[in-house]
Amino acid sequence: MNINSALIIQIIVFCLLVWFTVKFVWPPIAKALDERASKIAEGLAAAERGKHDFEQAEKKVAEIMSEGRGQVAEIIANAEKRASQIVEEAKKQAAVEAARIAAQSKADVEQEFNRAREVLREQVAVLAVKGAEQILCSEINADKHAQLLGMLKQEL
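Please read all numbers here as calculations on a predicted model, not as lab measurements. (Residues numbered from 1 in each chain as written. Predicted model: local features only at pLDDT ≥ 70, side-chain atom pairs only at ≥ 80, totals over all residues. Heavy atoms only, no water.)

1. Some points on the overall build of the protein
Just so we agree on the cut-off: Secondary structure elements are defined from DSSP: runs of H or I of at least 4 residues count as helices, runs of E of at least 2 residues count as strands, and each element is numbered from the N terminus. Note that accessible areas follow from Shrake-Rupley with a 1.4 Å probe, and for residues the cover is restricted to the protein chains shown.
Check the secondary structure of the protein and you find 2 helices and 0 strands. When the accessible surface of the protein is split by element, carbon and sulfur atoms take 64% of a total near 13800 Å².

2. Considering a nonpolar patch on the surface
The line we're drawing: The patch calculation keeps residues exceeding 30% relative accessible area without a salt bridge and links them within 9 Å when they carry like charges or within 5 Å when they are nonpolar (Val, Leu, Ile, Met, Phe, Trp, Tyr). For salt bridges, the criterion is a side-chain nitrogen of Lys or Arg within 4 Å of an Asp or Glu carboxyl oxygen.
On the surface, I8, I12, L16, W19, F20, F24, V25, W26, I29 and L33 cluster together into a nonpolar patch covering about 1000 Å² of accessible area. Topologically, V25 is positioned in helix α1 (residues 3–136).

3. Concerning the UniProt feature "transmembrane region" (unreviewed entry) in the protein
Condition: UniProt positions are given in the numbering used here, feature names are shortened, and annotations may be inferred rather than shown by experiment.
As recorded in UniProt, the sites labelled "transmembrane region" (unreviewed entry) are residues 6–26. Between the C-alpha atoms that bound residues 6–26 there is a distance of 27 Å. The span itself is 100% helix and 0% strand.

4. Digging into the pattern of salt bridges
Condition: Relative accessible area decides the class of each residue, using a 1.4 Å probe on protein chains only: under 20% of the type maximum gives buried, over 50% gives exposed, and in between gives partly exposed.
A complete count under the given rule lists 5 salt bridges for this structure. A salt bridge links E89 to R82; the shortest N-O distance between them is 4.0 Å. On the basis of relative accessibility, which here comes to 42%, the residue R82 falls in the partly exposed class.

5. Considering the packing of aromatic side chains
Put simply, the rule is: Pairing of aromatic side chains requires ring centres within 6.5 Å, counting the rings of Phe and Tyr and the six-membered ring of Trp. Pairs whose planes differ by under 30 degrees are stacked, by over 60 edge-to-face, and all others tilted.
On inspection of all chains with the given rule, the structure shows 2 aromatic pairs. An angle of 90° between the planes, with centres 6.0 Å apart, marks the rings of W19 and F24 as edge-to-face. Relative accessible area serves as the criterion here: at 48%, F24 is assigned to the partly exposed category. Plain terms: the ring middles of F20 and F24 are 5.2 Å apart, the flat faces sit at 45° to each other, and that makes the pair tilted. Of this pair, F20 and F24 both sit in helix α1, 4 residues apart, which is roughly one turn of the helix. Connected via pairs of aromatic rings, a cluster forms that spans W19, F20 and F24.

In structure tokens, the structure reads:
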């Protein structure tokens, strides 16, 4: 055999091998590579979506926490305000009660003072009658002089 014929046969065999590879072997390999590339792309897209969702969730959590802190601060402020209102109301009620007790005590003292004055007037009137009896050495009729004694009481 000649080198030229061997070279031509090798070129024909090589061309057949290239044609067979391109026709039957390369499409499944290319298809597998494309599927692998699309799966990798989908995985990267899913990872990117997950990262984006995670960032959104973090922002939402931060907003919720901020709102919660605001609500807690508002509740605390309302509670402090209500506590000060309760204290002020209690002070006002205590002042009113103290004024009422003082007025009642003043009225009681004045009433006792008036009773003591009346008792003292009666005792002075009795002493005056006894003194007059002794001075006159005669008995004074209390019924006759009741009006006179009433006037004497009023003057004292």
